[in-house]
Amino acid sequence: MPYDATLDVSSFKEVIEFQNTRISVGVYSYNGAPKKLQVTRENQIDGAWNFTKLGRMSKEEAQGVIPIMIKAIEAM
């Protein structure tokens, strides 16, 4: 069964921006399944935001994201 965006429900989403990157923390439920935490990164290239693998975070990024992750867990 292919992914269907209409079945993906977001109950929390917050974005924190850094120099040329932003990290999103969200809570999603797909097709009524239990809620899950999702953390993604987007890099700004030539004025457009492009999704990229999150991978590693700098200390500054981690310090900014952890409080948001705690809020997201409370929303679960």
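Conventions we followed
Residues numbered from 1 in each chain as written. Predicted model: local features only at pLDDT ≥ 70, side-chain atom pairs only at ≥ 80, totals over all residues. Heavy atoms only, no water. Salt bridge = Lys/Arg side-chain N within 4 Å of Asp/Glu carboxyl O. Helix = DSSP H or I, 4+ residues; strand = E, 2+ residues; numbered from the N terminus. Buried < 20%, exposed > 50% of the residue type's maximum accessible area, 1.4 Å probe, protein only. Phe/Tyr/Trp six-rings, centres within 6.5 Å; stacked < 30°, edge-to-face > 60°. Core = buried A, V, L, I, M, F, W, Y, C linked by side-chain atoms within 4.5 Å. Contact = heavy atoms within 4.5 Å. Pairing = 2+ DSSP bridges.

J.: Is there a simple way to explain the pattern of salt bridges in this structure?
T.: Charged atoms that come close allow side chains of opposite charge to pair. Within the structure shown, the criterion is met by three salt bridges. The closest approach of N and O atoms between Lys-71 and Glu-14, which form a salt bridge, is 2.9 Å. A residue pair is termed long-range when its members are at least 10 positions apart, and Lys-71 in helix α1 (residues 59-75) and Glu-14 in strand β1 (residues 8-17) qualify at 57 residues. A relative accessible area of 40% places Lys-71 in the partly exposed class. The partner of Glu-61 in a salt bridge is Arg-41, and the shortest N-O contact between them spans 2.9 Å. Here Glu-61 is found in helix α1, whereas its partner Arg-41 is found in strand β3 (residues 36-45), with 20 residues between them in sequence. Overall, the relative accessible area of 8% leaves Arg-41 in the buried class.

J.: Hey, could you run me through the packing of aromatic side chains in this one?
T.: Each aromatic ring pair is specified by the distance between its two centres and by the angle formed by the two planes. Here the structure, examined in full by the defined rule, presents one aromatic pair. The interplanar angle of 20 degrees and the centroid separation of 5.5 Å between the aromatic rings of Tyr-3 and Tyr-30 together place this pair among those described as stacked. Of this pair, Tyr-3 sits in the segment before β1 while Tyr-30 sits in strand β2 (residues 21-30); the two residues are 27 residues apart in sequence, bridging distant segments of the chain. On the basis of relative accessible area, Tyr-3 is assigned to the exposed category, the value being 57%.

J.: What should I look at first to understand the nonpolar core in this one?
T.: Generally speaking, nonpolar side chains in soluble globular proteins are found buried as a group. Within the largest apolar cluster, nine residues are counted, these being Phe-12, Phe-18, Ile-23, Val-25, Val-27, Leu-54, Val-65, Ile-68 and Ala-72. Taken together, the elements giving at least two residues each to this core come down to β2 and α1. With residues up to four places along the chain from it excluded, the contact list for Phe-18 reads Ile-23, Glu-60 and Glu-61.

J.: Help me understand the pairing of β2, please; the structure alone is not making it clear to me.
T.: Here is the key point about a regular strand: its side chains alternate between the two faces of the sheet. Within β2, nine of the ten residues are buried, leaving the element largely enclosed by the surrounding structure. Direction of pairing for β1 relative to β2: antiparallel, over a ladder of nine bridges. Residue pairing across strands places Ile-16 opposite Ile-23, the latter belonging to β2. Between the end of β1 and the start of β2, which pair antiparallel, lie three residues. Relative to β3, β2 runs antiparallel, the two sharing eight bridges.

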